[in-house]
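Residue-level listing of the chains:
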Amino acid sequence: MGEPVNNTAEDFEDFFEGSLCGFIIADPKGIIIRANANVARWTNTEAAVLKGRRFSDLLSIGGKIYYETHLSPLLRMQGFFDEVVLELAVADGRKMRVMVNALERKNAGDNPGFIRYTIIKASDRLLYEKNLQIAKTGAEQALLEQKEIVTLREQLIAVLGHDLRNPLSAIGMAVELLEISLQGEQQTRLVQTLKRSTGRMKELVDNIMDFARTRLGESIVLNREEVLLQPVLQQVTDELRLGYPNRQVLTTFNIEQPVHCDVHRIAQLVSNLLANAFTHGSTDAPVIFRAAHKDNILELAVCNKGEPIPEIFRENLFAPFTRESSQNGLGLGLYICSEIARAHKGLLSFSSTEEETCFTFRMPV
Amino acid sequence: MDVLTRNNVVTSGKGQQVMLFAHGFGCDQNMWRYVTPAFEDDYKIVLFDHVGAGNSDLSAYDTHKYAQLEGYAEDVIEVATQLGLRDIIFVGHSVSGMIGIIAAQKKPGLFKSLILVSPSPSYINDGDYTGGFTRDQLEELLESLDNNHLGWSMSMAPVIMGNTGRQELGEELANSFCRTDPAIARQFARTTFLSDKRSLLPAVQVPALILQCSEDVIAPEAVGEYMHAQMPGSTLVIMNATGHCPNLSAPQETIDAIKQFLG
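Bear in mind that the values here come from a model prediction, so they are computed numbers and not experimental data. (Residues numbered from 1 in each chain as written. Chains lettered and ligands numbered in written order. Predicted model: local features only at pLDDT ≥ 70, side-chain atom pairs only at ≥ 80, totals over all residues.)

(A) Local environment of the overall build of chain A. The helix and strand inventory of chain A stands at 10 helices and 12 strands. Here chain A, with 365 residues, has 27% of them falling under the buried criterion. A separation of at least 24 residues holds for 57% of the contacts in chain A among residues at least 6 apart in sequence. (Helix = DSSP H or I, 4+ residues; strand = E, 2+ residues; numbered from the N terminus. Buried ≥ 20, exposed ≤ 12 C-beta atoms within 10 Å, placed from the backbone. Contact = placed C-beta atoms within 7 Å.)

(B) Spotlight on the overall build of chain B. Scanning chain B from terminus to terminus reveals 10 helices and seven strands. Looking at chain B residue by residue over its 263 residues, the buried ones come to 48%. Counting contacts in chain B only where the partners sit at least 6 residues apart, residues at least 24 apart contribute 72% of the total.

(C) Geometry of the packing of helix α7 (residues 229–243) of chain A against helix α8 (residues 263–280) of chain A. Residue and element names in this part refer to chain A. α8 packs onto α7 with a crossing angle of 40° between their chain directions and a minimal axis gap of 10 Å. Taken together, the axis directions place α7 and α8 in an arrangement best described as oblique. When the axes of α7 and α8 are compared, the crossing they make is right-handed. Seen from α7, the contacting residues are Leu229, Val232, Leu233, Val236, Thr237 and Leu240; seen from α8, they are Val263, Ile266, Ala267, Val270, Ser271, Leu274 and Ala275. Looking at the contact of α7 with α8 residue by residue, the classes come out as 11 nonpolar, two polar and no charged. (Axes fitted to C-alpha atoms, helices over the stretch in contact; angles between N-to-C directions. Parallel < 35°, antiparallel > 145°, perpendicular 65-115°, else oblique. Left-handed = near helix turned anticlockwise from the far one by under 90°. Nonpolar A, V, L, I, M, F, W, Y, C, P; charged D, E, K, R; others polar.)

(D) Structural view of the environment of Gln78 of chain A. Note on placement: Gln78 of chain A falls in helix α4 (residues 61–78). Note on Gln78 of chain A: 21 C-beta atoms within 10 Å, which makes it buried.

(E) Representation of the pairing of strand β9 (residues 287–294) of chain A. Residues and elements named next belong to chain A. Where strand β7 (residues 249–254) meets β9, six bridges bridge the pair, whose relative direction is parallel. For Thr252, the partnering residue across the bridge sits in β9 and is Arg290. For β9 and strand β10 (residues 297–304), the ladder comprises seven bridges, and the chain directions are antiparallel. In the strand pairing of β10, Arg290 is matched with Ala301. In this antiparallel pair of consecutive strands, β9 and β10, the connection spans two residues, and Asp295 shows a positive phi of 50°. (Pairing = 2+ DSSP bridges.)

(F) Summary view of the sheet that holds β10 of chain A. Residues and elements named next belong to chain A. Strand order across the open sheet formed by five strands is β7-β9-β10-β12-β11, with mixed pairing between neighbours. Edge positions in the sheet fall to β7 and β11 (347–352), since each has one partner strand and no second. Ignoring strand direction, the axes of neighbouring strands in this sheet form an average angle of 10°. With eight bridges joining them, β10 and strand β12 (residues 357–364) adopt antiparallel strand pairing. By the bridge assignment for β12, Asn304 is matched with Thr357. Packed onto the sheet, α8 meets β9, β10 and β12 and runs at close to 20° relative to β10. Lying on the sheet, helix α10 (residues 333–343) is in contact with β11 and β12; it crosses β11 at an angle near 135°.

(G) Representation of the sheet that holds strand β6 (residues 208–214) of chain B within the structure. Residue and element names in this part refer to chain B. If you walk across this open sheet you meet the seven strands as β1-β3-β2-β4-β5-β6-β7, and the pairing is mixed. This sheet does not close on itself; its edge strands, each paired only once, are β1 (10–12) and β7 (234–242). Between one strand and the next, the sheet's axes are offset by a mean angle of 15°, whatever the strand orientation. When strand β2 (residues 18–22) meets strand β3 (residues 44–48), the two strands line up parallel, connected through five bridges. Bridge pairing links Val18 to Lys44 in β3. Those strands touched by helix α8 (residues 221–230) are β6 and β7, and its axis lies near 165° from that of β7.

(H) Structural detail: the pairing of strand β5 (residues 112–121) of chain A. Residues and elements named next belong to chain A. By the bridge criterion, five bridges tie strand β1 (residues 22–26) to β5 in an arrangement that is antiparallel. In the strand pairing of β5, Phe23 is matched with Thr118. Of the pairings in the sheet, the one linking strand β4 (residues 95–106) to β5 comprises nine bridges and is antiparallel in character. Pairing of Met99 across the sheet is with Ile120, part of β5. What sits between the antiparallel neighbours β4 and β5 is a turn of five residues, in which Asp110 has the positive phi angle 60°.

The following block contains the structure:
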């Protein structure tokens, strides 16, 4: 290999000896008739010495067994095998990784005449393959670690949320007591501020806990009971109105039968949807709140006029943390609403056009 | 589970006397494709795939069960029982030779005779015993199995898709031909090469034919001689065929030797 060739014309002798491949011609039993210089060089011997040896003798022990038990039968039955990774036994226990193709040639009587082996050095290719494998294993490991970290973080949020509740409710109670012994308008205003902030904080903590729970694979736990919903919906609407004194709500309730549901969760869902409608809807038009029980379906719909929901928010509207950055809060409201709907085996959906934006909760009753 | 489906049992032949052919480590019942036609007229032929090979039910593969050759022997007994067979002529290639001996001892009367093609009771050299492999070589083999170094890990599918040159292998065969699940092949190699069943040989009660190839790197000639010496009433035939698979490389010589033994 690499030596200057005297005559410039291609000849087969030079092709056989001077190629970068290892070539072996063997009899049908796999006994080497002729091997080229590359094979000899790779196996650290002379081409003449290779003559008469079995092809599988050139292989590492694993390769030899694989050859005799798998490849040789395959070659016999199929007439060829190709792209098989094997190891040539070099010297002092070292191995060289190669790709081998083999073809069984027939003689005139359709009997096996001889076998041609083509051997291609594959060290780099296989090293590359191995590196890919290592990188893949590494990436899988990293992903696993990240998943663990995320779970830990979510557990932390759940625990934190839970632990924040107690001091928060102590503050809330203290504010209530303060309110009773109030003197002067300024104090009243301060206490009202305290009260609102405490209430808001409690809501945030509750949302965080709901979120963490659902992320940890638990769904929202329901305390279902048979309940007359209309008075409850009315009360939620009235409470919300207090917070938005300039806004109007038109309600149409048509639920005579008691409904089997978690009344606090339904109230939470409605409260969220109404608050969203007040915040995002047009101030010129009233918010429409319809509730009906028909054909075994409970349907609650909250609609408002105004700008439609921008296209880019629509796809992930119910995903957590996806609020427009201009708003305060964590962006968990609609996520938790949809989880409440899911826990009730129902569905929260929305439609938004130039005409109006509607959020509709439907559940089977 | 239906054992006949599990082991992809295929029966043929016009005769009454049953010949049960068991393939060895490396392929499937296709190993016998050049041998069985010679017995179709006079015998009932039963072929099957060991679980994990060929068209067997891979979901039936149980790592624990098939870590021992006994697991495979149980399957052979179950197949024979399901078909209501007794006094069978058992023909086992390679490791299936020992699987047959185990089955014969577990269930006397099951086999009338044993034909062992390239068998070996133990592959490791041990004192005076020549198994063919040194401990170091075996370690190297086990390491290469663990490290996926070789084609063991290569799916055979791309190799077996295009079936040029051999007309008799139809389209449907092409896909199942010699199919090996790489993980199972590695396990099977482990089970095979770590087994040592030499102690069973003297207790073999039925007549046995040992077909020993010359130049078999898996089971050298000394192994055939050892088995012949250990098994009372055995016949040893040293074949001109070389390699480990005379059923493929020298089908006629294999057929002749079996026919002469069966008389």
